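Spelled out from the first residue to the last, the chains are:
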Amino acid sequence: MKGSRCIVIFCLLLLGAAGLAHAASRYGGNTPPSIAAVSVKTFGAVGDGVVRDDPAFLAATASVASNGGGVIFVPPGRYALYAAISLPSNVSIAGSGRASILVQKYNGTILRVTDASDINVSSLAIEGDRDKYPGSGDNGIEIDWSAAGGKNILLRDISISELSGAGIIAIGGRERPSRNLVIDGCAILDTGAHGIVVQDYISEVKIENNSVRNYGLGSPSRPGITASRNGRRVLISGNIVDGSADALGSSVHGISLDGCADVVCVDNRISVRAKGYGIEIGFVIGGAILNNTIDDCPHGPAIGISGNGRFLNGYSDGIAIVGNVVTSAAVGIQALMDNYTGKSRHSHVTIADNIISGKSVGVGIQAEYVDFIDIVSNTITNCSLSGIYLIDNTSQLIAENKITGCNVGLQRSVTSLDSNQAIATAVSPGHKFTTGDVINIVGALPPEYCGIFSIRVLDGNIFTYAISNAISSPAKGIVHAIKAADLGHAGLRVLSDDALYDNQTTLGENFIQNNGASDINIGLSHGANLGLGADVVVPKNR
């Protein structure tokens, strides 16, 4: 039965993805209309980066619109804009590649679409100046469908850099939902806010093959790519998201999925560097997180399902996290409920076939307050804490996972060890210990240097500890400093202390070995029960 629920989730997700692909095929990739393009230079544009060119764009737009639509062509050059270019329905704009540059010369958005449809913008560059024009609303491209709605916009092969606001922002409206937005092959660099954000009742969205780098540099907690607030049928695929340690705020996620339905996030490469998740999933109904690669996520989970337990709808449901690779994150994959009060819980979560490895990962997979969760066929190695850590979930299946080398502590070579009176000073290059750590010194002669001590770290190479008596000679021998494994963690740790929920846990055919203080630590209470599947591999605990 548990396997069948996974299949149901995947079928629903595949149906959603198929619907999105069908919508995109109807959209047809939005090739420009088969009519002659009109050069903006015909209307007086100079393109030297100095002479004001926005009046020429205004005239070209009016002319093309009066003839029923068409394409404004932007030859190579630097076009100085002192006002926004506003595109009405059926008027597209295309350049000659990134040599056709729209240059910001004022505080405000560069290219704007307001309640309009059937527009292509392609083969252009937009160049801002964050130092000179610091307004947070200075966006590269702004699509505002909030009043009357719109449909069918393609943004392709556009370079956007140095804007104080977002690179691309699209906003829909509840009264007139909008649809069919494609953002493809764009490069967005050094933005004060989001790289790309699509929000408020916009459906059938494709964000694919873009590069988003160094976002959130001016406004706090602005992710690289965001899809939020009642969007449906969203595909985020093949993007490179590379954050900056200089980004502001505590929620500078690589990709944020918030309040959406039928979302597929696949084949993205993400390095966060700042405070935030690699992929954040909040209040999502139907989501597939597939084959993404995530590293350098030092402050948050690589993939995290977040929620708010104070609200009846503060949960996610039907989430599949499959085939992802995580190499550096505070937590590999996480499903948590903040402010848990029992009003809502995540449900129907599948975590399968992921690879999570490296001492730079804390806990491999962590889940709390989830109903119906399957954790299957994951490979989790060398995490610094638990491989899998589960608290107060119900109806959970943990099967065919490989968990090795987690929570083994930290061992470092000591290249020099000497004492001054009753203080020993150890040189251990790149030791990664912190002041207050309890470590075991082994292998030193004389043996008075050895034992278990609390240390004081002087820098990344040197630490000290107190010994009982002064030692007259430096230490000899092959010396190591070992930080013990955390007794609160294990290869697999399962806990339940919530009397409100019946916890049915099934373990089946896992390989769990060589994991620090213990391989398996199970603490079930309040009538919770544990089922052991056939051929469970439970090596002797160490």
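The following paragraphs examine the structure supplied in this document.

In terms of helices and strands, the chain carries two helices and 50 strands. A buried classification covers 55% of the 542 residues belonging to the chain. If you take every contact in the chain between residues at least 6 apart in sequence, the share linking residues at least 24 apart comes to 75%. A total of about 21,200 Å² of accessible surface is found on the chain, and carbon and sulfur atoms cover 53% of it.

Take the pattern of salt bridges next. It is possible for side chains bearing opposite charge to pair when their charged atoms get close. What the rule picks out here adds up to 15 salt bridges. A salt bridge links Arg-273 to Asp-242, with the nearest nitrogen and oxygen atoms 2.8 Å apart. Of this pair, Arg-273 sits in the loop between β23 (269–271) and β24 (279–282) while Asp-242 sits in strand β20 (residues 240–242), and the two are 31 residues apart along the sequence. On the accessibility criterion, Arg-273 (31% relative accessible area) is partly exposed. For Asp-242, a relative accessible area of 16% gives the class buried. Between Asp-296 and Arg-273 there is a salt bridge, and its shortest N-O distance comes to 2.6 Å. Within this pair, whereas Asp-296 is found in the loop between β26 (293–295) and β27 (297–306), its partner Arg-273 is found in the loop between β23 and β24, the two being separated by 23 residues in sequence. Its relative accessible area of 28% is what places Asp-296 among the partly exposed residues. Shared partners join several salt bridges into a network, and the residues in it are Arg-213, Asp-242, Arg-273 and Asp-296.

Inspection of the secondary structure assignment puts Ala-475 in the loop between β44 (462–466) and β45 (479–483). When the C-alpha atoms of Ala-475 and Thr-415 are compared, they prove to be 9.7 Å apart, with 60 residues separating the residues in sequence. Each residue touching Ala-475, except ones within four places of it in the same chain, is listed here: Leu-417, Ala-444, Leu-445 and Tyr-449.

Our next topic: the layout of surface pockets. For the largest pocket, the calculated volume is near 370 Å³. Together, 15 residues line the largest pocket, and Lys-359, Ser-384, Gly-409, Leu-410 and Lys-483 are the ones closest to its centre.

The linkage connecting Leu-445 with the following residue, Pro-446, adopts the cis geometry, with an omega of 0 degrees. In this fold, Pro-446 is placed in the loop between β42 (438–442) and β43 (451–457). Non-glycine residue Asn-209 carries a positive phi angle of around 60 degrees. Structurally, Asn-209 can be placed in the loop between β16 (202–208) and β17 (211–213). Unlike most non-glycine residues, Asp-296 shows phi in positive territory, near 50 degrees.

What follows deals with the sheet that holds β44. In space, the seven strands of this open sheet follow the order β39-β45-β42-β43-β44-β41-β40, with antiparallel pairing throughout. One side of each edge strand has no neighbouring strand; the edge strands of this open sheet are β39 (410–414) and β40 (416–420). Sheet twist, expressed as the average angle between the axes of neighbouring strands with direction ignored, equals 35 degrees. Relative to β45, β42 runs antiparallel, the two being bridged by four bridges. For Asn-440, the partnering residue across the bridge sits in β45 and is Ile-482.

Moving on: the nonpolar core. With 96 residues, the main nonpolar core has Leu-102, Leu-257, Ile-279 and Ile-281 as its most contacted residues. With sequence-adjacent residues up to four places away left out, Leu-102 is seen in contact with Phe-57, Tyr-79, Leu-81, Ile-85, Ile-110, Leu-111, Leu-124, Ala-125, Ile-126 and Glu-127. Core analysis: the second largest hydrophobic core is formed by 19 residues, Leu-410, Val-414, Ala-424 and Tyr-449 among them.

Time to look at a nonpolar patch on the surface. A contiguous nonpolar surface patch, about 230 Å² in accessible area, is contributed by Val-46, Val-50 and Val-51. Relative to the elements of secondary structure, Val-46 occurs in the loop between β1 (38–39) and β2 (48–52). The partly exposed category is assigned to Val-46, whose relative accessible area is 38%.

Every second residue of strand β15 (residues 196–199) is oriented toward a common face, with Ile-196 and Val-198 on one face and Val-197 and Gln-199 on the other, all of them buried. Pairing of strand β12 (residues 168–171) with β15, which is carried by four bridges, proceeds in the parallel orientation. Residue pairing across strands places Ile-169 opposite Val-197, the latter belonging to β15.

Glancing now at helix α2 (residues 54–66). An α-helical segment advances 3.6 residues per turn. Residues three or four places apart therefore align on the same side. In a regular helix each residue adds 1.5 Å, so 13 residues correspond to 18 Å; α2 covers 18 Å between its end C-alpha atoms and thus fits that length. Asp-54, Ala-56, Phe-57, Ala-60, Thr-61 and Val-64 are the residues of α2 that are buried. All buried residues of α2 project into a common sector of 150 degrees when viewed along the axis, lining one side. Every exposed residue of α2 that faces more than 90 degrees away from the buried side is listed here: Leu-58 and Ser-66. Two residues or fewer after α2 comes Gly-68, characterised by a positive phi angle close to 90 degrees.

With respect to the helices and strands, the residue Ser-92 is situated in strand β6 (residues 91–95). A polar contact is formed between the side chain of Ser-92 and the backbone nitrogen of Asn-120, at a distance of 2.9 Å. Apart from residues no more than four positions distant in its own chain, Ser-92 is found in contact with Gly-70, Val-71, Ile-72, Asp-118, Ile-119 and Asn-120.

Conventions adopted
- Residues numbered from 1 in each chain as written.
- Predicted model: local features only at pLDDT ≥ 70, side-chain atom pairs only at ≥ 80, totals over all residues.
- Heavy atoms only, no water.
- Helix = DSSP H or I, 4+ residues; strand = E, 2+ residues; numbered from the N terminus.
- Buried < 20%, exposed > 50% of the residue type's maximum accessible area, 1.4 Å probe, protein only.
- Contact = heavy atoms within 4.5 Å.
- Areas by Shrake-Rupley, 256 points an atom, 1.4 Å probe, with all protein chains shown as cover.
- Salt bridge = Lys/Arg side-chain N within 4 Å of Asp/Glu carboxyl O.
- 1 Å grid on protein atoms, 1.4 Å probe; cavity = no way out; pocket = protein on both sides within 12 Å on 5 of 7 lines; lining within 4 Å.
- Points joined across faces, edges and corners; volume = space filled by probe spheres on them.
- Pairing = 2+ DSSP bridges.
- Axes fitted to C-alpha atoms, helices over the stretch in contact; angles between N-to-C directions.
- Core = buried A, V, L, I, M, F, W, Y, C linked by side-chain atoms within 4.5 Å.
- Patch = residues over 30% accessible without salt bridge, like charges linked within 9 Å, V, L, I, M, F, W, Y side chains within 5 Å.
- Expected span 1.5 Å × (residues − 1).
- Arc of directions from axis to C-beta.
- Polar contact = N/O pair within 3.5 Å; in protein donor to acceptor, adjacent residues only side chain to side chain.

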